[in-house]
Every structure is written in C-alpha cells, then in structure tokens.
Amino acid sequence: MKLLSHAAEAKLYITKEGILKDRIEKTYRHPQLDAKLRKIRTRAEARLLTKAHQAGIPVPKLLAQTETTLLLEEIKGKKTRRHTRQSIKQASPHESVRN
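Just so it is clear, the model here is predicted, and its values are computed rather than measured.

Visitor: So what's going on with the pairing of strand E2 (residues 10-14)? Residues and values would help.
Guide: Examined bridge by bridge, strand E1 (residues 2-6) and E2 share four bridges and lie antiparallel to one another. For His6, the partnering residue across the bridge sits in E2 and is Lys11. The hairpin formed by E1 and E2 contains three residues between the paired strands. Looking at chain direction, E2 and strand E3 (residues 19-23) are connected through five bridges and run antiparallel. Among the inter-strand pairings, Leu12 is bridged to a residue of E3, identified as Lys21. With antiparallel pairing between neighbouring strands as the criterion, E2 and E3 make up a hairpin whose turn holds four residues, including Gly18 at a positive phi of roughly 160°.

What follows is the structure, encoded as structure tokens:
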C-alpha cells in the first residue's frame with residue numbers, strides 16, 4: 001500500500017485491489033461526533049458514487065466500504081486537478097496558474 005495523497009478529509013492509498021480512501025480522524029472534535037461524521041460522510045459518498053456510476057457518469061466504481069473507508073476502482077490517467085490546470089494554461093498562456 002502506497003500513499004498517493006493526504007488531504008484535509010482523507011488519505012488516498014494505492015493497493016493491489018484499487019484506491020483506498022481512508023477518512024482521517026479529527027482529534028480536535030469530540031470522539032463520538034467525529035466517528036459519526038466520518039461514518040455519515042463515507043456512506044453519503046458511497047451512495048453518490050454508486051448512483052453516478054449507475055447513471056453512466058464516468059466515476060470510479062465502488063468496490064468495497066467500511067464505516068470510514070472506501071475501496072475504489074483505479075482509473076488510469078492524469079489526476080483531474082493536473083488536467084484542469086494544464087487546460088487552463090493552454091487556453092490562457094499569459095496568465096499564471098499555481099501548481
């Protein structure tokens with residue numbers, strides 16, 4: 001398992017099975033509130049990904065989930081953020097875009 005990204009809400013890991021999204025525990029929140037929020041947000045994201053996939057929207061397929069983790073299909077290619085920034089640079093080469 002290799003760490004791909006660490007953001008405010010979660011850590012993303014690449015595994016043999018796919019991409020593992022692990023919602024990070026927030027130590028500044030009350031433990032029961034934190035557990036409930038992470039559980040609710042994980043379920044909501046899983047539900048939205050499943051509905052989007054069923055509607056034919058190109059999103060990673062949900063392979064498995066626990067209370068605070070999602071295992072997602074790996075989609076090969078550029079990260080959306082990098083692709084978007086490159087598109088902006090090409091459309092407007094005189095403006096500065098942060099990486």
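Visitor: Quick one: what's the story with the pairing of strand E5 (residues 69-72), residue by residue and with numbers?
Guide: Here E5 shows a buried face lined by Thr69 and Leu71 and a second buried face lined by Leu70 and Leu72. The sheet contact formed by E3 and E5 spans four bridges and is antiparallel. In the strand pairing of E5, Leu20 is matched with Leu71. Pairing of strand E4 (residues 62-65) with E5 involves three bridges; the strand directions are antiparallel. Residue pairing for E5: Ala64 is matched across the bridge by Leu71.

Visitor: So what about the sheet that holds E3? Which residues, and what values?
Guide: In any sheet, the strands associate via hydrogen bonds between backbone groups, in a parallel or an antiparallel arrangement. Ordered by their spatial adjacency, five strands build an open sheet running E1-E2-E3-E5-E4, and the pairing between neighbours is antiparallel. Looking at the sheet topology across the chains shown, the edges are occupied by E1 and E4. The mean inter-strand angle of the sheet, taken between neighbouring strand axes irrespective of direction, is 25°. Lying over the sheet, helix H1 (residues 31-54) contacts E3, E4 and E5, oriented at roughly 25° with respect to E5.

Visitor: Go over the nonpolar core, please, and point to the residues and values.
Guide: In this structure, Ile19, Ala46, Leu49, Ala52, Val59, Leu70 and Leu72 together form the largest nonpolar core, which totals seven residues. Those elements that provide at least two residues to this core are H1 and E5. Residue contributions to this core peak at three residues, all from H1. When near neighbours in sequence (up to four residues on either side) are disregarded, Ala52 contacts Ile57 and Val59.

The rules we used
Residues numbered from 1 in each chain as written. Predicted model: local features only at pLDDT ≥ 70, side-chain atom pairs only at ≥ 80, totals over all residues. Heavy atoms only, no water. Pairing = 2+ DSSP bridges. Helix = DSSP H or I, 4+ residues; strand = E, 2+ residues; numbered from the N terminus. Buried < 20%, exposed > 50% of the residue type's maximum accessible area, 1.4 Å probe, protein only. Axes fitted to C-alpha atoms, helices over the stretch in contact; angles between N-to-C directions. Contact = heavy atoms within 4.5 Å. Core = buried A, V, L, I, M, F, W, Y, C linked by side-chain atoms within 4.5 Å.

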